[in-house]
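Observations on the three-dimensional arrangement
Below are the chains, spelled out letter by letter.
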Amino acid sequence: MHGSFQPASTEAKAASWPILATLCLAVLIAQIDTAVVNLAIHPIGQYFAADVGPLQWVVDSYNLLYAVLLLTGGLLADLYGRRLVFVAGAAIFTIASLICAAAPSIAILIAGRALAGVGAALLLPASLAIIRVLWRDPAARGRALGVWAGCNGVAFVIGPLVGGLLVSAFGWRSIFLVVVPLGAAAVALALALIPESADREDRRFDGVAQALGALALGAFAFAAIESQTTPFAALAALVISVVAFVVFLRTEAKVGAQALMPLDLFGSRAFRGAMTATAGMTFGMYGAIFLTPLTWQSEGLFSAIGAGLGLAPMALIYVALSPFSGALTEKFGARAMTSGGVAVIGCGLLTIALSAHPAPIVGPGFGLFLTGIGMGLATGPLNAVAVGSVAPARSGTASALINVARMMGATLGVAVLGAIFKFAQGGTLGLAVATLVGGLVQVSCAAYSWRVTRLRA
């Protein structure tokens with residue numbers, strides 16, 4: 001094995017809270033960006049006179065590049081250094097945020113968001129891999145991952161509230177400047193605190209597989225988003241997506257252990273269950289947090305600040321529960337926390353679906369609160385199950401894969417549920433129909449995960 005793991009005598013010093021705080025900045029950078037952009041979608045649409053389709057790309061250009069490059073980010077972290085890739089990702093994200101803030105057109109804004117997705121694809125899997133390497137005791141690692149996941153909730157609190165104030169006071173461009181100081185701090189602290197580590201193990205970068213994976217996911221997202229506007233192009237993209245995915249799987253099967261996405265990892269029941277539950281979780285969740293604030297603002301029910309306050313209870317309960325997810329997993333088992341948590345999120349979306357039309361405030365607010373509970377229960381344990389089921393040398397790849405599942409769910413959730421919302425003529429009826437589909441998908445994924453992990457505690 002090649003690498004620079006810390007010797008046993010220095011592991012306790014290396015795996016310190018300052019390092020964990022630095023890694024948590026990565027989560028804050030990525031998730032604050034997502035939270036504030038969802039809140040600013042309505043004013044961005046007004047500013048550029050854009051309808052739902054281009055606004056979906058403002059969200060999904062980030063999600064798509066993030067998803068398709070996560071495997072590369074995890075592999076590069078394992079090959080060339082987890083700290084190096086973490087720092088590079090934070091720097092790219094910071095530059096991209098400045099581009100978004102200065103964007104003269106929605107096309108440039110979409111391009112800046114895509115570059116931000118590249119940065120997130122580097123820094124997130126690297127941060128998870130660093131936790132896997134430095135926190136080697138499973139219980140301690142579970143607690144660290146609970147705190148790491150809790151930062152998602154902190155971001156969802158900070159993002160809507162601060163974002164709503166910024167949009168109201170300074171306009172939508174100001175929201176992209178929020179993450180700049182966090183990015184600069186992450187770079188400086190990582191260079192000062194985090195020890196470098198890498199594990200090459202005769203692995204290599206697979207450009208062909210990367211291109212096929214990007215084509216498969218990108219074409220599918222295009223097909224969903226453009227299905228209402230250009231149906232024939234969308235159908236062609238769907239065919240391309242299916243063909244690219246089949247070729248991708250065959251290519252990866254031939255490469256074996258050196259594959260960009262090693263298929264042998266899916267031989268683990270726990271890993272398969274975590275991947276399925278994670279994809280289902282974000283499919284409905286990201287669709288809901290994209291469509292609910294958009295509906296509230298487009299229907300004149302809330303301003304940007306009001307929509308931010310409407311999202312706050314979901315975020316607050318997420319923050320409150322996430323740090324305890326490791327301890328709860330030790331008590332109730334990973335199966336109950338992961339599958340059960342995703343099922344709770346599904347119930348939250350079904351609540352939104354049943355109450356959004358014609359009463360789009362109280363019922364959807366309670367549904368979002370249930371969503372926050374499920375996220376707090378499931379997010380940390382899902383990461384712990386996926387990353388903890390592989391050897392440390394494959395931690396970068398495993399953490400990348402679980403994030404691929406997360407961002408694939410998010411990308412397709414915004415694309416597919418956004419298309420359903422548009423097909424149903426938008427408004428409260430569109431929100432109800434879209435969240436009904438999202439909730440059913442989540443409950444189905446939770447049930448599958450429960451079944452395949454039935455032999456695990």
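What counts as what
Residues numbered from 1 in each chain as written. Predicted model: local features only at pLDDT ≥ 70, side-chain atom pairs only at ≥ 80, totals over all residues. Heavy atoms only, no water. Helix = DSSP H or I, 4+ residues; strand = E, 2+ residues; numbered from the N terminus. Expected span 1.5 Å × (residues − 1). Buried < 20%, exposed > 50% of the residue type's maximum accessible area, 1.4 Å probe, protein only. Contact = heavy atoms within 4.5 Å. Salt bridge = Lys/Arg side-chain N within 4 Å of Asp/Glu carboxyl O. Axes fitted to C-alpha atoms, helices over the stretch in contact; angles between N-to-C directions. Parallel < 35°, antiparallel > 145°, perpendicular 65-115°, else oblique. Left-handed = near helix turned anticlockwise from the far one by under 90°. Nonpolar A, V, L, I, M, F, W, Y, C, P; charged D, E, K, R; others polar. Phe/Tyr/Trp six-rings, centres within 6.5 Å; stacked < 30°, edge-to-face > 60°. Lys NZ or Arg CZ within 6 Å of the ring centre and 35° of its normal. Patch = residues over 30% accessible without salt bridge, like charges linked within 9 Å, V, L, I, M, F, W, Y side chains within 5 Å. Areas by Shrake-Rupley, 256 points an atom, 1.4 Å probe, with all protein chains shown as cover. Polar contact = N/O pair within 3.5 Å; in protein donor to acceptor, adjacent residues only side chain to side chain. pLDDT = per-residue confidence, 0-100. Core = buried A, V, L, I, M, F, W, Y, C linked by side-chain atoms within 4.5 Å.

**Notes on the environment of Gly 333**
Within the secondary structure layout, Gly 333 lies in the loop between helix H12 (325-332) and helix H13 (334-355). Expressed as a C-alpha distance, the spacing of Gly 333 and Pro 381, which sit 48 residues apart in the sequence, is 9.3 Å.

**A look at helix H9 (residues 231-255)**
In this model, H9 (25 residues) spans 36 Å end to end at C-alpha, consistent with the 36 Å of a helix rising 1.5 Å per residue. Residues Ala 234, Ala 237, Ser 241, Ala 244, Phe 248 and Glu 252 constitute the buried set of H9. Close packing links the buried residues of H9 with helix H8 (207-225).

**A closer look at the pattern of salt bridges**
If the charged atoms of two oppositely charged side chains come close together, the side chains can form a pair. With the rule as written, the count across this model stands at 1 salt bridge. Linking Arg 82 and Asp 78 is a salt bridge whose minimum nitrogen-to-oxygen distance equals 2.9 Å.

**Regarding the packing of helix H10 (residues 269-298) against H13**
Viewed as axis vectors pointing N to C, H10 and H13 meet at an angle of 25 degrees, and their least axial separation amounts to 10 Å. By the angle between their directions, the pair H10 and H13 is classed as roughly parallel. Our pair here, H10 against H13, has a crossing hand that is left-handed. Contacts between H10 and H13 pair Ala 277, Met 281, Gly 284, Met 285 and Ala 288 from the former with Val 342, Ile 345 and Leu 349 from the latter. Its residues assigned to classes, the contact of H10 with H13 comprises 7 nonpolar, 1 polar and no charged.

**Quick word on the packing of aromatic side chains**
Taken as a whole and assessed by the stated rule, the structure comprises 7 aromatic pairs. Ring geometry for Tyr 47 and Trp 172: centres 5.6 Å apart, planes at 70 degrees, overall edge-to-face. Of this pair, Tyr 47 sits in helix H2 (residues 17-48) while Trp 172 sits in the loop between helix H6 (138-170) and helix H7 (180-193), and the two are 125 residues apart along the sequence. Taking 6.1 Å as the distance between ring centres and 90 degrees as the angle between the ring planes, the aromatic pair formed by Tyr 62 and Phe 93 counts as edge-to-face. Taken together, the residues Tyr 62 in helix H3 (residues 52-80) and Phe 93 in helix H4 (residues 82-101) connect sequence positions 31 residues apart. For Tyr 62, a relative accessible area of 1% translates into the label buried. Sitting over the ring of Trp 450, Arg 335 keeps its end group 3.6 Å from the ring centre.

**Focus on a nonpolar patch on the surface**
On the surface, Phe 220, Leu 235, Leu 238, Val 239, Val 242, Val 243, Val 246 and Val 247 cluster together into a nonpolar patch covering about 620 Å² of accessible area. Per element, the largest residue contribution to the nonpolar patch is 7 residues, and it comes from H9. Along the chain, Val 247 turns up in helix H9. Relative accessible area serves as the criterion here: at 36%, Val 247 is assigned to the partly exposed category.

**Re the packing of H12 against helix H14 (residues 362-388)**
Direction vectors running N to C along H12 and H14 enclose 80 degrees, while the axes themselves pass 9 Å from each other. Classed by the angle they form, the pair H12 and H14 counts as roughly perpendicular. From H12, Ser 325, Leu 328 and Thr 329 reach across to H14, where they touch Gly 376, Leu 377, Gly 380 and Pro 381. Partitioning the contact of H12 with H14 into residue classes produces 3 nonpolar, 4 polar and no charged.

**Thoughts on the side chain of Thr 94**
In this fold, Thr 94 is placed in helix H4. Only 2.8 Å separates the side chain of Thr 94 from the backbone oxygen of Ala 90, close enough to count as a polar contact. Apart from the residues within four sequence positions on either side, Thr 94 is in contact with Val 180, Gly 183 and Ala 184.

**Quick word on the confidence of the model for the protein**
The predicted model of the protein averages 82 in pLDDT, with 90% of residues at 70 or higher. Overall, residues 1-15 carries pLDDT values under 50, and its contacts beyond four positions in sequence, including any with other chains, amount to 30 contacts.

**A few points about the nonpolar core**
One broad rule of soluble globular proteins: the nonpolar side chains tend to lie buried together. Residues Leu 23, Phe 86 and Leu 109 are the most contacted members of the largest nonpolar core, which totals 129 residues. Of all the elements, H2 adds the most residues to this core, at 18 residues. Apart from residues no more than four positions distant in its own chain, Phe 86 is found in contact with Thr 22, Leu 23, Ala 26, Leu 123, Ala 126, Ser 127, Ala 186 and Ala 190.

**A word on helix H5 (residues 106-134)**
The end-to-end C-alpha distance of H5, which contains 29 residues, comes to 42 Å, matching closely the 42 Å that a straight helix rising 1.5 Å per residue would cover. Counting buried positions over the 29 residues of H5 gives 23, a clear majority of the element.

**A short note on the environment of Arg 83**
Within the fold, Arg 83 resides in helix H4. A relative accessible area of 24% means that Arg 83 is categorised as partly exposed. Along the primary structure Arg 83 and Glu 196 are separated by 113 residues, whereas in three dimensions their C-alpha atoms are 5.4 Å apart. Once residues lying within four places of it in the same chain are set aside, the contact partners of Arg 83 are Ile 130, Ala 190, Leu 191, Ile 194, Pro 195 and Glu 196.

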